[in-house]
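Chain residues, written in single-letter form:
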Amino acid sequence: MELTTLLTLCSFAFLAGFVDAIIGGGGLIQTPATLFTLPQYPVPTLIGTTKIPSLSGSLMGAFQYSRRVAVVGRFIGPMMALAFGASWLGSLVLTKVPNGFMKPLALVILIGVFVYTLTKKDFGQLPQRAITARQQQIRMAIMGVVVGFYDGFFGPGTGSFLVLGFIALIGFDFLRASAHAKLVNASTNLASVLFFVKEGTILYAVALPMAFANLTGAFLGARLAILKGNQFIRVFFLFVIAATILRFAWDLWGRV
């Protein structure tokens, strides 16, 4: 592989890690770039290859946030375990059932999320009313299963959906929601990596340099999010959701 090709992929991986650490959505940058740059390889091989950079970035983001943001330790562990199992199951189901119906459904949901966040100025800016520990445990468990399965079965927008869930269902602000989302996303990415390792569909000569680039981007993105706070993350969230909507709309209708 030419050095320029590898550097191009690493550049996209760096940008993906940076964006993903702030609010999620890095896969919308990294995966298409890899598919476009390496068209000579089978799609499952390229998807498996991008999972290692995604995992490294998620771990770095999770580490940076956990050092500075309080984490609900007694509930996030079980949620991560459930998300891990659900993600593995989603990847397994994907090998049996087509997922083409997911993109229109995700598009409708994302449009609703964008409009709601745009019009509700205080959404995610301050912690909302507290819920009981039991309610928090149940809601986080359900989120882990649902979003974990989605990540394994389809994937794009997982980080953003996690942030949305932590704000709307648990009552976190954007910063705390992003911190918890990275922990859960790391577990779903780990499940995907192990699945694709088992399948033998990873180009390690590409995946490892991209992983370092993604990790570096995630380090800077998480530090910037922590420094700038909730309002900055909200604006970034709207930007990523809008970009995701445009991407899905283009895939559905732009090429007709």
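The coordinates are above.
None of these values were measured; they are calculated from a predicted model. (Residues numbered from 1 in each chain as written. Predicted model: local features only at pLDDT ≥ 70, side-chain atom pairs only at ≥ 80, totals over all residues. Heavy atoms only, no water.)

> Break down helix H7 (residues 158-170) for me, citing the residues and quoting the values.
Taking 1.5 Å per residue, 13 residues should reach 18 Å; H7 reaches 17 Å between its end C-alpha atoms and fits that length. Counting buried residues in H7 gives 11 out of 13 residues, a clear majority hidden from the surface. Along H7, the positions that sit buried rather than exposed are Thr158, Gly159, Ser160, Phe161, Leu162, Val163, Leu164, Gly165, Phe166, Ile167 and Ile170. One or two residues past the end of H7 sits Gly171, with phi positive at roughly 95°. (Helix = DSSP H or I, 4+ residues; strand = E, 2+ residues; numbered from the N terminus. Expected span 1.5 Å × (residues − 1). Buried < 20%, exposed > 50% of the residue type's maximum accessible area, 1.4 Å probe, protein only.)

> So what about the side chain of Asp151? Which residues, and what values?
Mapped onto the fold, Asp151 is located in helix H6 (residues 133-153). Buried and unpaired, Asp151 has no salt bridge, with Lys51 as the nearest side chain of opposite charge at 4.5 Å. Residues in contact with Asp151, not counting those within four places in the same chain, are Ser87, Thr158, Asn185, Thr188 and Asn189. (Lys, Arg positive; Asp, Glu negative; His and termini not counted. Salt bridge = Lys/Arg side-chain N within 4 Å of Asp/Glu carboxyl O. Contact = heavy atoms within 4.5 Å.)

> Please set out helix H8 (residues 174-199) residue by residue, giving values where relevant.
Taking 1.5 Å of rise per residue, the 26 residues of H8 would be expected to cover 38 Å, and the 36 Å separating its terminal C-alpha atoms lies within 8% of that figure. Of all 26 residues that make up H8, 20 are buried, and the element is covered over most of its length.

> So, the environment of Gly152: which residues are in play, and what are the values?
Within the secondary structure, Gly152 sits in helix H6. Counting along the chain gives 76 residues from Gly152 to Ile76, while the straight-line C-alpha distance between them is 19 Å. Sequence-distant contacts of Gly152, defined by excluding residues within four places in its chain, comprise Ser87, Gly90, Ser91 and Leu94.

> Please give an account of the packing of helix H1 (residues 3-23) against H8 that cites residues and values.
It is the contact of H1 with H8, at a shortest axis distance of 7 Å, that shows an interaxial angle of 120°. The pairing of H1 with H8 is recorded here as oblique in orientation. Across the interface between the two elements, Asp20, Ala21, Ile22 and Ile23 from H1 touch Phe174, Ser178, Lys182 and Asn185 from H8. (Axes fitted to C-alpha atoms, helices over the stretch in contact; angles between N-to-C directions. Parallel < 35°, antiparallel > 145°, perpendicular 65-115°, else oblique.)

> With reference to specific residues and values, describe the packing of aromatic side chains.
In the structure shown here, the tally under the stated rule is nine aromatic pairs. Note on Phe18 and Phe236: the rings are 6.5 Å apart at their centroids and 70° apart in plane angle, and the pair reads as edge-to-face. Of this pair, Phe18 sits in helix H1 while Phe236 sits in helix H10 (residues 230-254), and the two are 218 residues apart along the sequence. Both residues of the pair, Phe18 and Phe236, belong to the buried class. Centroid distance Phe195 to Phe196: 5.6 Å. Interplanar angle 85°. Geometry classified as edge-to-face. The burial state of Phe195 is the same as that of Phe196; both residues are buried. Three or more aromatic residues joined by ring pairs form one cluster here, namely Phe18, Phe232, Phe236 and Phe239. In this arrangement the basic side chain of Lys198 is found over the ring face of Phe195, its NZ or CZ atom lying 5.2 Å from the centre. (Phe/Tyr/Trp six-rings, centres within 6.5 Å; stacked < 30°, edge-to-face > 60°. Lys NZ or Arg CZ within 6 Å of the ring centre and 35° of its normal.)

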